[in-house]
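# Residue-level structure breakdown
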Amino acid sequence: MIDQASHLRSIIKKNQQSPASKVITVTSGKGGVGKSSISVNLAIQLQKLGNRIIIMDADFGLANIEVMLGIRPVYNLADLIFKGRKLNEIITQGPEGIGFISGGSGIQELTRLTNDQIIGLNQSLCLLDEMTDIIIIDTGAGIGDSVMEFACSSDETILVVTPDPTSITDAYAVLKALDKKFEGDSVQFTIKMLANRVENYKEGKELYNKLSVVVNKFLKIKLEFLGAVPQDALLSKAVLRQMPVSLSSPKAPSVQALRQIAAVLGDYEITGSKQAGGIRMLFRNLIKGKTGR
Ligand SMILES: Nc1ncnc2c1ncn2[C@@H]1O[C@H](COP(=O)(O)OP(=O)(O)OP(=O)(O)O)[C@@H](O)[C@H]1O
Ligand SMILES: [Mg+2]
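Now for a description of the structure that goes with this document. As the structure is a prediction and not an experimental result, all values here were calculated from the model.

## Topic: the sheet that holds strand β8 (residues 222-230)
Taking strand neighbours across the sheet as the criterion, the 8 strands line up as β3-β4-β2-β5-β1-β6-β7-β8 in an open arrangement whose pairing is mixed. Each edge of the open sheet is held by one strand with a lone partner, namely β3 (91-93) and β8. Taking the axes of each pair of neighbouring strands and ignoring which way they run, one obtains an average angle of 25° across the sheet. Taken together, the 4 bridges between strand β6 (residues 156-161) and strand β7 (residues 190-198) define a ladder with parallel strand orientation. Considered in β7, the bridge of isoleucine 158 is made with lysine 192. Of the strands in this sheet, β1 (22-28), β2 (53-57), β5 (134-138), β6, β7 and β8 touch helix α2 (residues 35-48), which is tilted by about 170° from β5. The strands that helix α8 (residues 165-181) touches are β1, β6, β7 and β8; relative to β6, the one it contacts most, it runs at about 155°.

## Side note on the pairing of β1
Of all 7 residues in β1, 7 are buried; the element is thus mostly enclosed. Residues Lys22, Ile24, Val26 and Ser28 of β1 are buried on one face, and the alternating residues Val23, Thr25 and Thr27, pointing to the opposite face, are buried as well. As defined by bridge partners, β1 adjoins β5 across 5 bridges and the pair is classed as parallel. Paired with threonine 25 across the two strands is isoleucine 137, which belongs to β5. Across 5 bridges, the pairing between β1 and β6 is parallel. Each bridged residue has a counterpart across the sheet, and for valine 26 the counterpart in β6 is isoleucine 158.

Criteria and cut-off values
Residues numbered from 1 in each chain as written. Chains lettered and ligands numbered in written order. Predicted model: local features only at pLDDT ≥ 70, side-chain atom pairs only at ≥ 80, totals over all residues. Pairing = 2+ DSSP bridges. Helix = DSSP H or I, 4+ residues; strand = E, 2+ residues; numbered from the N terminus. Axes fitted to C-alpha atoms, helices over the stretch in contact; angles between N-to-C directions. Contact = placed C-beta atoms within 7 Å. Buried ≥ 20, exposed ≤ 12 C-beta atoms within 10 Å, placed from the backbone.

Now the structure itself:
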């Protein structure tokens, strides 16, 4: 019988040699702070800058992104892993050429895969890498295991915070949990904070200053300021109409802010602030059930 483990290792090694698309994880401490809105609109802005984008919904159960994009995927990641569906069958085309993958129950079940399933998944992820420049992962809120794995294994992690006091304390809890995961690591781990639903840029920057004072005092992790998205009635209206605000109101204040943030993020992408190893490395860490750190 063929040694499955060595076969698996050689496939993974071979696949590692092709360039990886960048993975950006969007997370938060508290729920309902704007992760999905930011994922969708950031995706559109990054796409407009010439990137090929896939959004992956890793927030089990809630049909967040699909509602916002006004699409209805037929299959999800679990169908690819367990039911032999092909990668192109689980990618739903959204507006502006944005691709969407629903995680379904697939992500929760990653630690229970057989070798054959791991090989199949890895091959699909390899294809995904080839067809994409940036993969945006919209996670659930809080410090659940898989959210932590996503954050640790991504090229960039965006932490969405609003001026709501519980959003700030919950954001600190996430940073503290991540800090613990990276204890003893020689490389300093960086998180980018995005202030959402603020009155203006200044309020966003003050929110960042407040949080970073505590982070600098107690944690080793580095918190950078990515930018601020204002409270915007056009954004909430767009959500109700199941249309991304970037498309329904391209001049909306929130869209202008996200356009700037995408440009900054695009720069980071080009200079490559960190090489986390892309989507395949991320899934490998999820499959192992730990980041190996
Ligand atoms: N900048 C903003 N201006 C106005 N309303 C906003 C803004 N950002 C988010 N919202 C409102 O907050 C609601 C929740 O946003 P969203 O669904 O993106 O949050 P979430 O963090 O993904 O939530 P969950 O944790 O449930 O997945 C939106 O439906 C929208 O009405
Ligand atoms: Mg959401």
